Amino acid sequence: MHIDIISLIPELIESPLNHSILKRAQDKNLLSVRLVSLRDYGYGNYKQVDDYAFGGGAGMVLMCEPIAKCIRDLQSEREYDEVIYLTPDGDRLNQPLLNQMSMSKNLLMLCGHYKGIDQRIRDMFITREISIGDYVLSGGELGAAVLVDALGRLIPGVLSDETSALTDSFQDNLLAPPVYTRPRNFEGMEVPEVLLSGNTKKIEAWRYDQALKVTEKRRPDLLK
Ligand code: ADE
């Protein structure tokens with residue numbers, strides 16, 4: 001999968017890309033990510049990218065032309081499955097949406113700032129608008145990082161154990177069951193006996209039962 005990310009502050013996204021699973025995915029050539037600076041497409045000596053909102057009100061709006069030019073440059077290099085705008089008023093990100101997007105070959109992500117981007121860019125170029133939750137971030141960068149991380153681990157071959165993304169929370173609409181490691185007794189608290197039994201069938205049944213219980217308690221909405 002290839003992902004291009006347009007941003008005013010690409011540095012905000014760098015660190016998550018350069019560690020752990022996302023780094024491994026890129027090292028294995030299963031994922032490539034390019035950060036594109038919107039500032040490079042700005043106007044004049046100050047590389048201006050934003051302006052006051054027509055009609056007044058507080059906050060600046062990212063202008064059409066720098067974004068349009070940047071997107072068109074990138075589109076001349078490759079065809080994107082989706083052009084995604086990270087915004088608090090987008091579709092709320094969830095696992096089914098991620099599973100669907102993980103089939104993509106090329107994705108373009110656009111990070112907003114200030115009061116957002118000119119509506120005409122949304123109308124003209126954006127194929128999907130995504131929010132990572134009902135709260136407002138200072139820009140789309142952290143949202144893009146979340147999106148890349150959650151997508152990266154779904155690419156076949158990225159996780160060493162192929163089944164491990166399938167047993168994540170939210171796959172099958174269930175939260176994950178509790179997990180334990182050594183020691184067997186921590187300050188008087190024992191690991192559940194069944195996990196030490198070596199009986200795979202029993203362990204699986206226990207985990208499923210626990211997953212149901214956790215989901216019923218914390219996220220009953222997922223079971224509907
Ligand atoms: N930009 C600002 N807030 C956001 C959010 N909640 N999700 C995605 N992008 C955003």
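Whatever comes next refers back to the structure up there.
Scoring rules and cut-offs
- Residues numbered from 1 in each chain as written.
- Predicted model: local features only at pLDDT ≥ 70, side-chain atom pairs only at ≥ 80, totals over all residues.
- Heavy atoms only, no water.
- Near = heavy atom within 4 Å.
- Polar contact = N/O pair within 3.5 Å; in protein donor to acceptor, adjacent residues only side chain to side chain.
- Areas by Shrake-Rupley, 256 points an atom, 1.4 Å probe, with all protein chains shown as cover.
- Helix = DSSP H or I, 4+ residues; strand = E, 2+ residues; numbered from the N terminus.
- Nonpolar A, V, L, I, M, F, W, Y, C, P; charged D, E, K, R; others polar.
- Salt bridge = Lys/Arg side-chain N within 4 Å of Asp/Glu carboxyl O.
- Buried < 20%, exposed > 50% of the residue type's maximum accessible area, 1.4 Å probe, protein only.
- Pairing = 2+ DSSP bridges.
- Axes fitted to C-alpha atoms, helices over the stretch in contact; angles between N-to-C directions.
- Contact = heavy atoms within 4.5 Å.
- Core = buried A, V, L, I, M, F, W, Y, C linked by side-chain atoms within 4.5 Å.
- Patch = residues over 30% accessible without salt bridge, like charges linked within 9 Å, V, L, I, M, F, W, Y side chains within 5 Å.

(A) Geometry of the site of the ligand. The environment of the ligand is made up of Leu-86, Thr-87, Pro-88, Ile-130, Ser-131, Ile-132, Gly-133, Tyr-135, Val-136, Leu-137, Gly-139 and Gly-140. Contact distances for the ligand include 3.2 Å between a nitrogen atom and a backbone N or O atom of Thr-87. In isolation the ligand has 260 Å² of accessible area, and contact with the protein removes 96% of it. Of all the elements in the fold, those that place two or more residues in the shell around the ligand are strand E5 (82-92) and strand E7 (128-131). If you tally residues by element for the shell around the ligand, the top one is E5, at three residues. Residue classes in the shell around the ligand are distributed as seven nonpolar, five polar and no charged.

(B) Examining the pattern of salt bridges more closely. Per the stated rule, a full pass over the model turns up 13 salt bridges. Among the ionic pairs, Arg-78 bridges to Glu-77, the shortest N-O distance being 3.9 Å. Its relative accessible area of 24% is what places Arg-78 among the partly exposed residues. In this structure, the salt-bridge partner of Arg-153 is Asp-168, at a minimum N-O distance of 2.3 Å. Here the residue Arg-153 occupies a position in the loop between helix H6 (141-152) and strand E8 (185-186), and Asp-168 occupies one in the loop between H6 and E8, the gap between them amounting to 15 residues.

(C) Highlighting the sheet that holds strand E6 (residues 106-111). One open sheet holds the five strands; their spatial order is E2-E1-E6-E5-E7, and the pairing between them is parallel. Each edge of the open sheet is held by one strand with a lone partner, namely strand E2 (32-37) and E7. In this sheet, neighbouring strand axes are inclined to one another by 30° on average, regardless of whether the strands run parallel or antiparallel. Note: strand E1 (residues 2-7) against E6, five bridges, orientation parallel. Bridge pairing links Ile-6 to Leu-110 in E6. The strands touched by H6 within the sheet are E1, E2, E5, E6 and E7, with E6 carrying the most contacts at an inclination of about 160°.

(D) Highlighting the nonpolar core. Membership of the largest hydrophobic core comes to 30 residues, with the highest contact counts inside it found for Ile-3, Ile-5, Leu-31, Met-109, Leu-147 and Val-148. The element contributing the most residues to this core is H6, with six residues. Setting aside anything within four residues of it in sequence, one finds Ile-5 in contact with Ile-13, Val-33, Arg-34, Leu-35, Val-36, Met-109, Cys-111, Ala-144 and Val-148. With 20 residues, the next largest nonpolar core counts Leu-74, Leu-108, Ile-117 and Ile-126 among its residues.

(E) Representation of a nonpolar patch on the surface in the model. On the surface, Tyr-135, Leu-137 and Leu-142 cluster together into a nonpolar patch covering about 270 Å² of accessible area. Note that Leu-137 resides in the loop between E7 and H6.

That is the geometry; function is a separate question.
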